[in-house]
Amino acid sequence: MTSTATAPPETAAAPQPAPPTTRPRRRLPALLVVPAVVLLVAALGYPVGWQVVTSFQHFGMMQQFGQPPEWVGLANYTALLTDPNLWVIVGRSLAFCLVCALLTVAIGLALALLMGAVGRAGRLTLQVALLLAWAMPVVASMTVWTWIVNWRNGLLNWALERVGVDAQGHNWLVEPLSFFVVAAVIVVWMSVPFVALSIYAGLTQLSPEVLEAAEIDGAGGWKRLRHIILPLVAPVISIVLLLQLIWDLRVFTQIKLLQDAGGVANETHLLGTYIYQLGTGAGDFGMASAVSILMLLLTVAVSWYYVRSLMKEES
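The paragraphs below set out a description of the structure included in this document. Predicted model only: the values in this text are computed from it and were never measured. (Residues numbered from 1 in each chain as written. Predicted model: local features only at pLDDT ≥ 70, side-chain atom pairs only at ≥ 80, totals over all residues. Heavy atoms only, no water.)

### Points about the overall build of the protein
A count of helical and extended segments in the protein gives 14 helices and two strands. Residues counted as buried form 34% of the 315 residues belonging to the protein. Roughly 20,000 Å² of accessible area belongs to the protein as shown, and the carbon and sulfur atoms make up 68% of that amount. (Helix = DSSP H or I, 4+ residues; strand = E, 2+ residues; numbered from the N terminus. Buried < 20%, exposed > 50% of the residue type's maximum accessible area, 1.4 Å probe, protein only. Areas by Shrake-Rupley, 256 points an atom, 1.4 Å probe, with all protein chains shown as cover.)

### Overview of helix H8 (residues 176–203)
Here H8 spans 38 Å end to end across 28 residues, near enough to the 40 Å set by a 1.5 Å rise per residue. At Ser191, H8 shows its strongest bend, of approximately 35°, with the proline Pro193 following within four residues. With 22 of its 28 residues buried, H8 lies for the most part within the structure. (Expected span 1.5 Å × (residues − 1). Bend = angle between axes of the 7 residues up to and from the residue.)

### Focus: the side chain of Thr268
Inspection of the secondary structure puts Thr268 in the loop between helix H12 (253–260) and helix H13 (271–281). By relative accessible area, which is 1% here, Thr268 ends up buried. Side chain to side chain, Thr268 and Gln259 meet in a polar contact 3.1 Å long. The contact partners of Thr268, leaving out residues within four places of it in the chain, are Arg92, Pro176, Phe179, Phe180, Ile255 and Gln259. (Polar contact = N/O pair within 3.5 Å; in protein donor to acceptor, adjacent residues only side chain to side chain. Contact = heavy atoms within 4.5 Å.)

### Concerning the packing of helix H4 (residues 84–117) against helix H5 (residues 120–135)
Here H4 crosses H5 at 145°, and the two axes come no closer than 8 Å. On H5, the residues that touch Leu111, Leu114 and Met115 of H4 are Arg123, Leu126, Gln127 and Leu130. Split into classes, the residues belonging to the contact of H4 with H5 amount to five nonpolar, one polar and one charged. (Axes fitted to C-alpha atoms, helices over the stretch in contact; angles between N-to-C directions. Nonpolar A, V, L, I, M, F, W, Y, C, P; charged D, E, K, R; others polar.)

### So, the pattern of salt bridges
Oppositely charged side chains are able to pair whenever their charged atoms sit close together. Enumeration according to the criterion identifies one salt bridge in this entry. When the shortest N-O distance is used, the salt bridge between Lys256 and Asp260 registers 2.9 Å. Here Asp260 and Lys256 lie together in helix H12, a separation of four residues that amounts to about one turn. (Salt bridge = Lys/Arg side-chain N within 4 Å of Asp/Glu carboxyl O.)

### Observations concerning the nonpolar core
With 63 residues, the main nonpolar core has Phe96, Leu130, Ile199 and Leu258 as its most contacted residues. In terms of residue count, H8 provides more of this core than any other element does, 17 residues in total. When neighbours within four sequence positions are excluded, Phe96 is seen to be in contact with Phe180, Ala183, Ala184, Val187, Asp248, Val251, Ile255 and Leu270. (Core = buried A, V, L, I, M, F, W, Y, C linked by side-chain atoms within 4.5 Å.)

### Regarding the state of the cysteines
Enumeration over the complete set of coordinates arrives at zero disulfides. In this model Cys97 remains outside any disulfide bridge; the closest cysteine sulfur is found in Cys100, 7.8 Å from its own. (Disulfide = S-S within 2.5 Å.)

### Digging into the packing of H4 against H8
One can describe the packing of H4 onto H8 by two numbers: an axis separation of 6 Å at closest approach and a directional angle of 45°. In terms of their interaxial angle, H4 and H8 are classed as oblique. Note on packing geometry: the crossing formed by H4 with H8 is right-handed. Residues of the contact of H4 with H8, tallied by class, amount to 22 nonpolar, four polar and one charged. (Parallel < 35°, antiparallel > 145°, perpendicular 65-115°, else oblique. Left-handed = near helix turned anticlockwise from the far one by under 90°.)

### As for the side chain of Asn157
Examined against the element boundaries, Asn157 turns out to sit in helix H7 (residues 155–162). A distance of 2.7 Å separates polar atoms of two side chains, one belonging to Asn157 and the other to Trp172. Non-local contacts of Asn157, meaning those with residues more than four positions away in its chain, are made with Asn150, Trp151, Ala167, Gly169, His170 and Trp172.

### Brief notes about the packing of aromatic side chains
Counted by the stated rule, this structure contains ten aromatic pairs. Relative to Phe59, the ring of Trp50 lies with its centre 5.7 Å away and its plane at 75°, an arrangement referred to as edge-to-face. Judged by relative accessible area, Phe59 falls into the buried class, the value being 12%. Relative to Phe194, the ring of Trp134 has its centre 5.6 Å away and its plane inclined at 50°; by these criteria the two rings are tilted. Of this pair, Trp134 sits in helix H5 while Phe194 sits in helix H8, placing them 60 residues apart in sequence. Judged by relative accessible area, which is 18%, Phe194 ranks as buried. Feature note: the residues Trp50, Phe59 and Phe285 constitute an aromatic cluster, connected by ring pairs. (Phe/Tyr/Trp six-rings, centres within 6.5 Å; stacked < 30°, edge-to-face > 60°.)

Here you go:
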């Protein structure tokens, strides 16, 4: 008896996956960015380029009247980096920047939380007060502040006299420590509204259900703030802290006007006023440009960590 072997059924070939289709690159967003890039290059490229070139030249008063500048290479940078006075000013500027930025963010966060906790009337009153303080021009507000700390007829000395403190004729701007305390109060006062309103805008985006669930689970106010609210608004806090570091490192107007009101300039210089003294005061625009480039590098170094953090969060 012969058995016939049946051939195995032919298996259908498995369908091959279709090759991934490359999504056509959209050129419209890039084209829309081009005008902004052109404006930035036109507005910032020339001044920065001029400063870079001038930092390698001897550019003094004679060059202002048409004499060609003398190319000195790295001489300006060598003179600056070997000047101990410059490093004192750099350290002073960094310390002032960090203190003001941290205080501004801390006070702004507290006010943002307060706006979220009070009723509508209190919140509107606080927001209007912050907007009025923020909208006041810098020179106008500095006029008020210099009158407050004036050693002859200032409001601060008058108020201290009324509470029994002997402050008659005390000049708050002569000593460097009290000078920078006054300057820090002014800078923080001018910057807090932006930080408070920005963080409050971030707080309004938090989900009420998440906070209610945490409260039902027994989390108190401090635990909700530490483990829920702060992590959720951390991107906003990082952005405003980065902006404050950049702005406070470049502060100029407040320091210059306080120096004119009675401060000792050589003992209270920050990088902004030091550049102004070298350029406009002493007429050495080559050295002033070199300090400006150094200040730019410091700004990038201070903000680089936060920029990298923001880029990682975006990715």
